[in-house]
Amino acid sequence: MKGVICIMKVKAKILDEKAINRSLTRLAHEIIEKNKGVENVVLIGIHTRGVPLAKKIAEKIKQIENEDVLVGSLDITLYRDDLTKVDYNPVVNSTDISFDIENKCVVLVDDVIFTGRTIRAAMDAIMDIGRPKNIQLAVLVDRGHRELPIRPDYVGKNVPTSKKEVIGVHVSEVDGKNEVIIYEKN
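To start, this report covers the structure provided alongside it. Just so it is clear, the model here is predicted, and its values are computed rather than measured.

## Looking at the side chain of aspartate 110
Okay, step 1: Among the secondary structure elements, aspartate 110 is positioned in strand 4 (residues 105-113).
Okay, step 2: In contact with aspartate 110, other than residues within four places in its own chain, are Ile46, Gly50, Leu53, Thr118, Ile119, Ala138, Val139 and Leu140.

Here's what the structure looks like:
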């Protein structure tokens, strides 16, 4: 929406800090259970808010299993299919995956899944890095409206939304607070 100013009003707070913490704990348990442990699991957060979420899930796994899980960060900016619509000068963050993903179970972590296009771009970026055993997807919020046949393996909260609504995930590492807000475009 270049050049368009969109004013949004808060419709509701759907997750507070405690609810986010509970969701991340549940996601960690589900990842452990589905993979029968975490021996071959790595977490890769999608910039921007997927990165701190991946780190928090790794901390939860450490508390539960007493095992460290490697965490990386992935920038998908140059893999987007709408790059020219987003900005003429896109901000490119760094990808930091300092470990081998060959034959690993890669769990991509993102804050919100909407159309599925970000995840498609992330899978393309991962495949350029290596060939994992499989790719799984963990998201804090699934808001529906998929345009591609992609669905998360792990979901913190399903929030059916209208196209006039926007989900805002705030994490302390980026925004100074932990909450999920649903906004309505005016």
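Let us keep going from here.
## Notes on the sheet that holds strand 7 (residues 165-170)
Okay, step 1: The strand order across the open sheet built from three strands is 1-8-7, with neighbouring strands paired in antiparallel fashion. The outermost strands of the open sheet, each flanked by one partner alone, are strand 1 (8-15) and strand 7. Adjacent strand axes in the sheet meet at a mean angle of 30°, parallel and antiparallel pairs treated alike.

## A look at unusual backbone geometry
Okay, step 1: In this chain, histidine 47 is followed by threonine 48 through a cis amide linkage whose omega measures 10°.
Okay, step 2: Tracing the chain through its elements places threonine 48 in the loop between strand 2 (41-46) and helix 2 (50-65).
Okay, step 3: The backbone of asparagine 66 shows a phi angle near 55°, a positive value even though the residue is not glycine.
Okay, step 4: Position of asparagine 66 relative to the elements: it lies in the loop between helix 2 and strand 3 (70-74).
Okay, step 5: A positive phi angle is found at histidine 145, which is not glycine, with a value near 70°.
Okay, step 6: Exposure remark for histidine 145: the relative accessible area of 27% places this residue in the partly exposed category.

Definitions and cut-offs
- Residues numbered from 1 in each chain as written.
- Predicted model: local features only at pLDDT ≥ 70, side-chain atom pairs only at ≥ 80, totals over all residues.
- Heavy atoms only, no water.
- Helix = DSSP H or I, 4+ residues; strand = E, 2+ residues; numbered from the N terminus.
- Contact = heavy atoms within 4.5 Å.
- Pairing = 2+ DSSP bridges.
- Axes fitted to C-alpha atoms, helices over the stretch in contact; angles between N-to-C directions.
- Buried < 20%, exposed > 50% of the residue type's maximum accessible area, 1.4 Å probe, protein only.

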